[in-house]
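Reading the structure
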Amino acid sequence: MRLEKCWFCSSTVYPGHGIQFVRNDAKIFRFCRSKCHKNFKMKRNPRKVKWTKAYRRLHGKDMTQDSTFEFERRRNRPERYDRNVTEMTLKAIKKIDKIRVDREVRHHKMRMKGKKAFEQQAAIKELENSIDLVKAPVALQQDSQFTLAKIKVKVSQSQPEGERMEE
């Protein structure tokens, strides 16, 4: 069973699924669903569409360079069946999959490293802005730490009745 890759979003296309488009120069494009096919027909660049694998790799959201990706590449040469080689390959696939998952977790942690401090600062700022929702208004008036400094504003003299503008 041959699993193809979608030309637009790089997801897996299983046999009997998706759409195949053959250009006049005999170049074959495979799409996993009509969404990818329509975007291709609209001449959209997969690197600029946020939900594609190309965008995620280009903008550092997914890992790009990893030796475990070499095993995922498509190979066109059929190989002769050997029970020992097959057994070793299946064991290696499990190990490689575990390594890949660990590296993805590490990559995600590195991406989210500064996010926790940023979220804490945003939470502190929100708390300062809406402290009245957390503490009762009476407690705020009694505690001088939570009251805001009063601002004095000069008010101009009121104009006599005859000079006022009417609406």
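Structure: above.
Our subject in this report is the structure included herewith.

About the cut-offs
Every chain is numbered on its own, with residues counted from 1 as its sequence reads. Confidence filtering applies because this is a predicted model: local features only for residues at pLDDT of at least 70, side-chain atom pairs given and counted only at 80 or more, and all residues used for totals across whole chains, interfaces and linings. Hydrogens and water are ignored here; the side-chain numbers use all heavy atoms of the structure. Criterion for a salt bridge: a side-chain nitrogen of Lys or Arg within 4 Å of a carboxyl oxygen of Asp or Glu. Secondary structure elements follow DSSP: runs of H or I of four or more residues count as helices, runs of E of two or more count as strands, with numbering from the N terminus. Exposure categories follow from relative accessible area, calculated using a 1.4 Å probe and restricted to protein chains: below 20% of the type maximum is buried, above 50% is exposed, and the middle band is partly exposed. In summary, the pairing rule links any two rings of Phe, Tyr or Trp, Trp by its six-membered ring, whose centres are within 6.5 Å, and it sorts them by plane angle into stacked for under 30 degrees, edge-to-face for over 60 and tilted for everything else. Here, over-ring charges are defined by two tests on the NZ atom of lysine or the CZ atom of arginine: distance to the ring centre within 6 Å, and angle to the ring normal within 35 degrees. Arc, as used here, means the arc of the directions from the helix axis to the C-beta atoms. Any two residues having at least one pair of non-hydrogen atoms within 4.5 Å are treated as being in contact. In this description, a nonpolar core means a group of buried Ala, Val, Leu, Ile, Met, Phe, Trp, Tyr and Cys residues linked to one another through side-chain atoms lying within 4.5 Å. Residues forming no salt bridge and having over 30% relative accessible area are the ones grouped into patches, like charges within 9 Å of each other and nonpolar side chains (Val, Leu, Ile, Met, Phe, Trp, Tyr) within 5 Å. Reported accessibility uses the Shrake-Rupley method at a 1.4 Å probe radius. Residues are deemed covered only where the shown protein chains occlude them. Charge assignment in this entry is limited to Lys and Arg as positive and Asp and Glu as negative, and neither His nor the chain termini are counted. Every charge is mapped to an atom, namely NZ of Lys, CZ of Arg, CG of Asp or CD of Glu. We call two strands paired when DSSP finds no fewer than two bridges between them.

Turning to the pattern of salt bridges, a few remarks are in order. All chains considered together, the criterion is met by four salt bridges. In this structure, the salt-bridge partner of Arg30 is Glu4, at a minimum N-O distance of 3.9 Å. With Arg30 in strand 4 (residues 28-31) and Glu4 in strand 1 (residues 4-5), this pair connects stretches of sequence that are 26 residues apart. With its nearest N and O atoms 3.1 Å apart, the salt bridge here joins Asp25 to Arg23. A relative accessible area of 52% means that Asp25 is categorised as exposed.

Applying the stated criterion to the full structure yields seven aromatic pairs. Ring geometry for Phe31 against Phe40: centres 5.0 Å apart, planes inclined by 45°, an arrangement best described as tilted. Like Phe31, the residue Phe40 is buried in the burial classification. Feature note: the residues Trp7, Phe21, Phe29, Phe31 and Phe40 constitute an aromatic cluster, connected by ring pairs. Positioned above the aromatic ring of Phe29, the side-chain terminus of Lys27 is 4.9 Å from the ring centre.

Those residues of helix 1 (residues 34-41) that sit buried are Cys36, His37, Asn39 and Phe40. Buried residues of helix 1, seen end-on, are gathered within an arc of 165° and therefore sit on one face of the element. Those residues of helix 1 that are buried are in contact with strand 3 (19-22) and strand 4. Positioned one or two residues after helix 1, Lys43 has a phi angle of 60°, which is positive.

A few words on the nonpolar core. Counting residues in hydrophobic clusters, the biggest one holds ten residues: Cys6, Phe8, Cys9, Val13, Phe29, Phe31, Cys32, Cys36, Phe40 and Val49. Among the elements of the structure, strand 4 and helix 1 are those that each provide at least two residues to this core. In this view, Cys36 contacts Cys6, Phe8, Cys9, Phe31 and Trp51; residues no more than four positions away in its chain are not counted.

This next bit is on unusual backbone geometry. For Ala26, which is not glycine, the phi dihedral falls at a positive 70°. Assignment of secondary structure puts Ala26 in the loop between strand 3 and strand 4. Residue class for Ala26 comes out exposed when judged on its relative accessible area of 56%.

The next subject is the side chain of His37. Tracing the backbone through its elements, the reader meets His37 in helix 1. Of the residues examined, His37 reaches a relative accessible area of 15% and is grouped as buried. If sequence neighbours within four positions are ignored, His37 has contacts with Ile19, Phe21 and Phe31.

With that out of the way, let us pick up a positive patch on the surface. Residues Lys50, Lys61, Arg111 and Lys115 make up a contiguous surface patch of positive charge. Among the structural elements, Lys50 can be located in the loop between helix 1 and helix 2 (53-58).

Side chains Phe29 and Phe31 project from strand 4 onto a buried face, and the interleaved Ile28 and Arg30 project onto a face without burial. As paired strands, strand 3 and strand 4 are joined by four bridges and run antiparallel to one another. Its bridge partner lying in strand 4, Ile19 is registered against Phe31. Count of turn residues in the strand 3/strand 4 antiparallel hairpin: five residues, of which Ala26 carries a positive phi of about 70°.

Let us now look at a nonpolar patch on the surface. A cluster of nonpolar side chains, namely Met1, Leu3 and Tyr14, defines an oily patch on the protein surface of about 380 Å² accessible area. Mapping Leu3 onto the fold places it in the segment before strand 1. With a relative accessible area of 38%, Leu3 lands in the partly exposed category.

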